[in-house]
Amino acid sequence: MKFALLCSLIAVQAVAAPPSEKRVAALILPMDKGSETLTLKVESFANEALNEYQGFTVRTSDDLFGIAADEDAAASLKRAETGFKESKVAFDERNYEDAERKLRATIKEYGKSVGAMKNCGNLCDAVAMFGSVLQARGDVEEAKIAILDLLALSPTFELDRKRYPQNFLSLKAQVATSRNAQLRGNVTVKTKPAGARVFLNGELQGYSPVTLQTLPIGKHLVKIERPGFKQLGVMVEVTPEDQDINSELTATSGYKAFDALMDRLAGEALKDKGGQTMTSVSNSLKLDRAVIGVLKEGSGESTELTMAYFDLRSGRRIAIKRVAFQGDEFGQLRSEVARMVNHLVNSGESTSDKVTRSSDPLDNKAGTEEWQGDDRGGKNVNRDKKAKGGDPLDSASGTDDW
């Protein structure tokens with residue numbers, strides 16, 4: 001009786017146990033400099049689609065390669081934070097000569113620490129105190145420049161009326177409506193390699209090369225990061241004249257090792273099955289499956305994307321799909337990549353490559369033709385069960401029965 005009860009409990013636990021999660025990633029491989037700028041963008045869209053499936057633990061390139069900290073910037077930030085505390089004490093005690101000296105040094109240290117900063121933080125308070133000190137010491141014109149910097153860094157920054165005198169509050173309001181506050185400038189950010197994420201004052205703006213347009217004149221924080229590379233940041237002084245920021249990123253040793261395998265991995269991804277390189281990547285990155293995308297420039301201004309879905313450990317290719325597109329002017333690339341990923345994963349129930357040559361009306365077509373007739377798959381798939389010659393996974397979730 002006890003034995004039967006024990007067997008029954010084991011059976012119930014076996015049924016109730018959640019399915020094992022599969023570690024999955026999108027690995028996008030650029031084959032030329034022209035397609036390099038799209039790498040992270042395409043990868044992020046592919047990961048969004050993969051996250052729609054149950055049973056997946058999606059690992060992004062940030063997880064796989066990390067973003068190396070800028071140690072020099074971190075050290076500068078530590079010094080800047082110490083200087084800010086000392087400056088605040090001098091400011092509150094109305095020791096304006098000492099406060100001005102300390103604030104100049106503190107703001108300079110913040111300028112070196114942008115790579116370690118997430119947003120304006122105490123820098124905005126330091127710039128505000130600096131402007132107030134300059135006005136108190138009779139340097140009104142330089143105080144106005146400090147206020148322009150503050151407005152550029154944080155247009156919505158609110159001054160504490162208990163800490164700042166009324167004449168400085170009035171000066172800030174005057175500067176905010178002045179002609180100088182209406183001036184704008186452009187900053188173009190280029191990196192090597194291209195495709196790095198570019199942040200302006202803590203907000204993501206796009207992927208390099210990118211032009212940050214119509215910025216208010218004054219100081220701005222530009223931060224650059226790319227998985228597998230060292231963080232980089234700069235405090236840029238925007239003027240009405242266009243400016244360029246050109247940066248060569250420093251790769252980590254781990255990313256260099258992956259980069260050395262990239263061409264071979266791309267070659268295996270385009271074959272019917274993977275090889276030794278794919279097995280090596282599976283072991284080193286601890287992945288079970290991957291959507292491997294190969295990006296390259298096509299004819300004209302088009303870009304060709306080939307995506308293949310692989311069981312990395314066995315090297316078995318589950319599905320493959322190709323598409324050509326031109327730019328991302330209207331945000332169509334996200335939908336195109338999601339559609340591709342859904343097609344690949346939903347084809348994963350079959351071991352036959354015939355599944356990839358389905359009745360999809362967009363197979364072998366480029367761009368955004370006839371999108372409105374397709375669903376997006378994933379968790380919300382809802383296809384017509386009566387359609388002839390349709391996807392064999394109709395009415396099924398993309399990861400059932402793995």
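Residues numbered from 1 in each chain as written. Predicted model: local features only at pLDDT ≥ 70, side-chain atom pairs only at ≥ 80, totals over all residues. Heavy atoms only, no water.

Asks: Lay out the overall build of the chain in plain terms, naming residues and giving numbers.
Replies: Helices and strands together make up the secondary structure of the chain, namely twelve helices and twelve strands. Considering the chain as a whole, with its 402 residues, one finds that 49% of them fall into the buried category. Sequence separation of 24 or more characterises 64% of the internal contacts of the chain that already satisfy a separation of 6 or more. (Helix = DSSP H or I, 4+ residues; strand = E, 2+ residues; numbered from the N terminus. Buried < 20%, exposed > 50% of the residue type's maximum accessible area, 1.4 Å probe, protein only. Contact = heavy atoms within 4.5 Å.)

Asks: Which residues make up the nonpolar core, and what values go with them?
Replies: Looking at soluble globular proteins, one finds that nonpolar side chains tend to be buried together. Tyr110, Leu123, Leu159 and Tyr164 are the most contacted members of the largest nonpolar core, which totals 40 residues. Sorting the residues of this core by element identifies α5 (71-92), α6 (96-112), α7 (122-136), α8 (140-153) and α9 (166-176) as the ones contributing at least two each. Looking at this core, the element that brings in the most residues is α7, giving nine residues. Within the second largest apolar cluster, 38 residues are counted, among which are Ala25, Leu200, Leu249 and Phe310. (Core = buried A, V, L, I, M, F, W, Y, C linked by side-chain atoms within 4.5 Å.)

Asks: Describe in detail the sheet that holds strand β5 (residues 203-207), supporting the description with residues and values.
Replies: A sheet is described by the order of its strands in space; here four strands give the open sequence β5-β4-β7-β8, paired in antiparallel fashion. Taken across any chain shown, the strands that pair with only one partner, and hence form the sheet edges, are β5 and β8 (232-238). For this sheet, the mean angle separating the axes of adjacent strands, direction not counted, is 30°. Two elements, strand β4 (residues 197-200) and β5, share four bridges in a ladder whose sense is antiparallel. The residue bridging valine 198 from the neighbouring strand is glycine 206, located in β5. Running at roughly 35° to strand β7 (residues 218-225), α8 makes contact with β7 and β8 of the sheet. (Pairing = 2+ DSSP bridges. Axes fitted to C-alpha atoms, helices over the stretch in contact; angles between N-to-C directions.)

Asks: Could you give an account of the pattern of salt bridges, with specific residues and numbers?
Replies: Under the definition given, this model contains 19 salt bridges. With its nearest N and O atoms 3.7 Å apart, the salt bridge here joins lysine 144 to glutamate 141. Of the two residues, lysine 144 and glutamate 141 are both situated in helix α8; the distance of three residues between them amounts to about one turn of the helix. Salt bridges linked by common partners bring Glu100, Arg104, Arg137 and Glu142 together as one network. (Salt bridge = Lys/Arg side-chain N within 4 Å of Asp/Glu carboxyl O.)

Asks: Describe in detail the sheet that holds strand β1 (residues 22-30), supporting the description with residues and values.
Replies: In space, the five strands of this open sheet follow the order β2-β1-β10-β11-β12, with mixed pairing throughout. Both outer strands of the open sheet, β2 (56-58) and β12 (316-325), are each paired with one neighbouring strand and no more. Across the sheet, the mean angle separating the axes of adjacent strands is 20° when strand polarity is ignored. Bridge analysis of β1 against β2 gives three bridges, and the strand direction is parallel. Looking across to β2, one finds that arginine 23 is bridged to threonine 57. The strands touched by helix α12 (residues 332-346) within the sheet are β2, β10 (289-297), β11 (303-311) and β12, with β12 carrying the most contacts at an inclination of about 155°.

Asks: Describe in detail the state of the cysteines, supporting the description with residues and values.
Replies: Per the stated rule, a full pass over the model turns up one disulfide. Disulfide pairing places cysteine 120 opposite cysteine 124 at an S-S distance of 1.8 Å. The chirality of the disulfide connecting cysteine 120 with cysteine 124 is right-handed, given an S-S dihedral of about 120°. Residue classification places cysteine 120 among the buried residues on the basis of a relative accessible area of 10%. Residue class for cysteine 124 comes out buried when judged on its relative accessible area of 2%. (Disulfide = S-S within 2.5 Å.)

Asks: How would you summarise the side chain of aspartate 149 if you had to cite specific residues and measurements?
Replies: With respect to the element layout, aspartate 149 can be found in helix α8. Once residues lying within four places of it in the same chain are set aside, the contact partners of aspartate 149 are Val127, Gly218, Lys219 and Glu237.

Asks: Tell me about the packing of aromatic side chains, and please be specific about residues and values.
Replies: Applying the stated criterion across every chain, the model contains eight aromatic pairs. With a centroid separation of 4.9 Å and an interplanar angle of 50°, the aromatic rings of phenylalanine 229 and tyrosine 255 are classed as tilted. Of the two residues, phenylalanine 229 is situated in the loop between β7 and β8 and tyrosine 255 in helix α10 (residues 253-269); the sequence distance between them amounts to 26 residues. Across the pair, exposure class does not vary: phenylalanine 229 and tyrosine 255 are buried alike. Taken together, the ring pairs connect Phe65, Phe229, Tyr255 and Phe258 into an aromatic cluster. (Phe/Tyr/Trp six-rings, centres within 6.5 Å; stacked < 30°, edge-to-face > 60°.)

Asks: Report on helix α3 (residues 39-50), specifying residues and quantitative values.
Replies: Every α-helical turn comprises 3.6 residues, leaving residues that sit three or four positions apart pointing alike. With twelve residues, α3 should reach 16 Å at 1.5 Å per residue; the first-to-last C-alpha distance of 16 Å fits that figure. For α3, a buried count of nine out of twelve residues is recorded, marking the element as mostly surrounded by other parts of the structure. Within α3, burial applies to Thr39, Leu40, Val42, Glu43, Phe45, Ala46, Asn47, Ala49 and Leu50. (Expected span 1.5 Å × (residues − 1).)

Structural measurements only, silent on function.
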